[in-house]
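# A look at the structure
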Amino acid sequence: MQWKEAARMTEILYEPKDMSWVDKGVLGIEWNDGHKSVYPVRYLRQQCPCAACVDEWSGVRRLQPDDVPVVIMLQDVQPVGRYALQFTWSDGHDTGIYSYGLLRRICQCDVCQPVKPIEPRSRRLL
Ligand SMILES: [Zn+2]
Ligand SMILES: [Zn+2]
């Protein structure tokens, strides 16, 4: 299974070249291989890989999609070494370190996600 290892190695070589707002609340990252990723920020927050959001031992996600405020803003982005980005969110959460490999896997562009999951419309009575 050597090719799998090789695939993992190349994944690490991805680096963001440019970052911009594609739309209101949609972050765009252009990579060094020319790929243009898009990330709705709420989706990005839901994918937070930190220990508070994902159980470190089982890998089970503790954070439920509904736990993230409907209106969430990205307040700051800091590079972590040469392998990851750390986001600071308007709900005060800032412990998630998103490796470039993770960011590529969760890319929401039309090439990576040809079929978008439809967000169920909430009809819950509060
Ligand atoms: Zn988190
Ligand atoms: Zn993509």
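Computed from a predicted model, the values in this text were never measured in an experiment. (Residues numbered from 1 in each chain as written. Chains lettered and ligands numbered in written order. Predicted model: local features only at pLDDT ≥ 70, side-chain atom pairs only at ≥ 80, totals over all residues.)

### Looking at the overall build of the protein chain
Helix and strand counts for the protein chain stand at three helices and six strands. When burial is assessed residue by residue, the protein chain has 13% of its 126 residues classed as buried. A fraction of 35% describes how many contacts in the protein chain between residues 6 or more apart in sequence connect residues 24 or more apart. (Helix = DSSP H or I, 4+ residues; strand = E, 2+ residues; numbered from the N terminus. Buried ≥ 20, exposed ≤ 12 C-beta atoms within 10 Å, placed from the backbone. Contact = placed C-beta atoms within 7 Å.)

### Quick word on the sheet that holds strand E6 (residues 97-99)
Taken in spatial order, the three strands make up an open sheet running E4-E5-E6, and their pairing is antiparallel. Whereas interior strands pair on both sides, the edge strands pair on one side only; in this sheet they are strand E4 (74-80) and E6. Ignoring which end each strand starts from, the neighbouring axes of this sheet average 30 degrees apart. Pairing analysis gives six bridges linking E4 to strand E5 (residues 84-89), with the strands arranged antiparallel. Bridging from a neighbouring strand, Val77 pairs with Phe87 of E5. (Pairing = 2+ DSSP bridges. Axes fitted to C-alpha atoms, helices over the stretch in contact; angles between N-to-C directions.)

### With respect to the environment of Val41
Looking at the secondary structure, you find Val41 in helix H2 (residues 41-46). As for Val41 and Leu27, which are separated by 14 residues in sequence, their C-alpha atoms are 6.4 Å apart. Here Val41 is in contact with Gly25, Leu27, Ile72, Met73 and Leu74, once residues within four sequence places are set aside.

### With respect to the environment of Asp55
Along the chain, the position of Asp55 falls in the loop between H2 and E4. Asp55 gets classed as exposed once you count the C-beta atoms within 10 Å, which come to 11. The contacts of Asp55, once residues within four sequence positions are left out, are Val60 and Arg62.

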